[in-house]
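Each chain, letter by letter, is given below.
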Amino acid sequence: MTQTDFTKLVLPFKDKVFRLAKRLLVSREEAEDATQEILLKLWNNKQKIAEYKNVEAFSMTMTKNFCLDRLKSKQAQNLKIVHSNYQDNNTSLQKEVENKDSVDWVSKIIEELPEQQKIILQLRDIEEYDFDEIAKVVDMNPTAIRVALSRARKTIREKLTNTHRYGIK
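Quick notes on the rules
- Residues numbered from 1 in each chain as written.
- Predicted model: local features only at pLDDT ≥ 70, side-chain atom pairs only at ≥ 80, totals over all residues.
- Heavy atoms only, no water.
- Core = buried A, V, L, I, M, F, W, Y, C linked by side-chain atoms within 4.5 Å.
- Buried < 20%, exposed > 50% of the residue type's maximum accessible area, 1.4 Å probe, protein only.
- Helix = DSSP H or I, 4+ residues; strand = E, 2+ residues; numbered from the N terminus.
- Domains from an automatic or database assignment.
- Axes fitted to C-alpha atoms, helices over the stretch in contact; angles between N-to-C directions.
- Parallel < 35°, antiparallel > 145°, perpendicular 65-115°, else oblique.
- Left-handed = near helix turned anticlockwise from the far one by under 90°.
- Contact = heavy atoms within 4.5 Å.
- pLDDT = per-residue confidence, 0-100.
- Salt bridge = Lys/Arg side-chain N within 4 Å of Asp/Glu carboxyl O.
- Phe/Tyr/Trp six-rings, centres within 6.5 Å; stacked < 30°, edge-to-face > 60°.
- Lys NZ or Arg CZ within 6 Å of the ring centre and 35° of its normal.
- Polar contact = N/O pair within 3.5 Å; in protein donor to acceptor, adjacent residues only side chain to side chain.
- Lys, Arg positive; Asp, Glu negative; His and termini not counted.

If you look at the biggest cluster of nonpolar residues, it comprises 42 residues, and the most contacted ones within it are Leu42, Ile120, Leu123, Val138 and Ile145. Secondary structure elements with two or more residues in this core: α1 (3-10), α2 (14-25), α3 (28-44), α4 (55-72), α5 (93-112), α6 (115-126), α7 (131-138) and α8 (142-165). No other element matches the seven residues that α4 contributes to this core. Each of domain 1 (1-89) and domain 2 (99-168) contributes no fewer than three residues to this core.

Below is the structure:
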């Protein structure tokens, strides 16, 4: 496999690998490092790439496993939480602050989810994978994925609603 062939194969999903890594590792720098590691591993094993039916699903699985290993390692204790995903210049300052606060709350809630729900939520709602593709990445059946996704969304909805109510019942 030539460098050009490899680039044509990997380029379409490299951003998805980065977004999954960023969701799991939170830090942009850590996500960039993880993406680079995954691409390097794919390049080093380029002779075996043809054996895989879906290289994208394989690379997403590699990303998930690499990020989880990274979080378990000692270096993960030094990770910094930084989010700058939301920008909207057409709203009032008050609305902008409220929106940023809501995005921050959702991010915090997502970070508190179990790893499996976090990964499924990322792949389905952000990466827009279908259930069969997610099943290949996380090695679960589609029904279990739907249940985990439903639970993750319900948890986010409940916690965000409670946060916005400020304790009013």
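Alright, that's what it looks like, and here's the rest.
On to the packing of α2 against α3. Two elements in contact, α2 and α3, have axes whose closest approach is 8 Å; the angle formed by their N-to-C orientations is 135°. The orientation of α2 relative to α3 falls into the category oblique. Considering how the two elements wind past one another, α2 and α3 form a crossing that is right-handed. Along its contact with α2, which presents Lys14, Val17, Phe18, Ala21, Lys22 and Leu25, the element α3 presents Arg28, Glu30, Ala31, Glu32, Ala34, Thr35, Ile38 and Leu39.

Glancing now at the confidence of the model for the protein chain. For the protein chain, per-residue confidence averages 82 on the pLDDT scale, and residues scoring 70 or more make up 88% of the total. Low confidence marks residues 80-86, where pLDDT is under 50. Its contacts with residues over four positions away, or in another chain, come to 12 contacts.

Next up on the list: the pattern of salt bridges. Counting across every chain of the model gives 10 salt bridges. Between Arg70 and Glu30 there is a salt bridge, with its nearest N and O atoms 2.8 Å apart. Of this pair, Arg70 sits in helix α4 while Glu30 sits in helix α3, and the two are 40 residues apart along the sequence. Of the residues examined, Arg70 reaches a relative accessible area of 17% and is grouped as buried. One connected set of salt bridges, linked through shared partners, spans Glu111, Glu115 and Lys118.

To continue, consider the packing of aromatic side chains. Aromatic ring pairs: the centre-centre distance and the angle between the two ring planes describe each pair. In the structure shown here, the tally under the stated rule is two aromatic pairs. A cation sits over an aromatic face here: Arg124 above Phe131, 4.2 Å from the ring centre. Between the NZ or CZ atom of Arg146 and the centre of the ring of Phe131, over which it lies, the distance is 4.1 Å.

Further remarks concern the side chain of Ser59. Within the element layout of this structure, Ser59 appears in helix α4. In terms of polar contacts, Ser59 uses its side chain to reach the backbone carbonyl oxygen of Glu56, at 2.8 Å.

What follows is about the side chain of Arg23. Looking at where Arg23 falls in the secondary structure, it is placed in helix α2. Among buried charged residues, Arg23 stands out as having no salt bridge; its nearest opposite-charge side chain is Glu111, 4.4 Å away. In this structure the side chain of Arg23 is engaged in a polar contact, spanning 2.8 Å, whose partner is the side chain of Gln122. Among residues more than four places away in sequence, those in contact with Arg23 are Ile110, Glu111, Lys118, Gln122 and Ile126.

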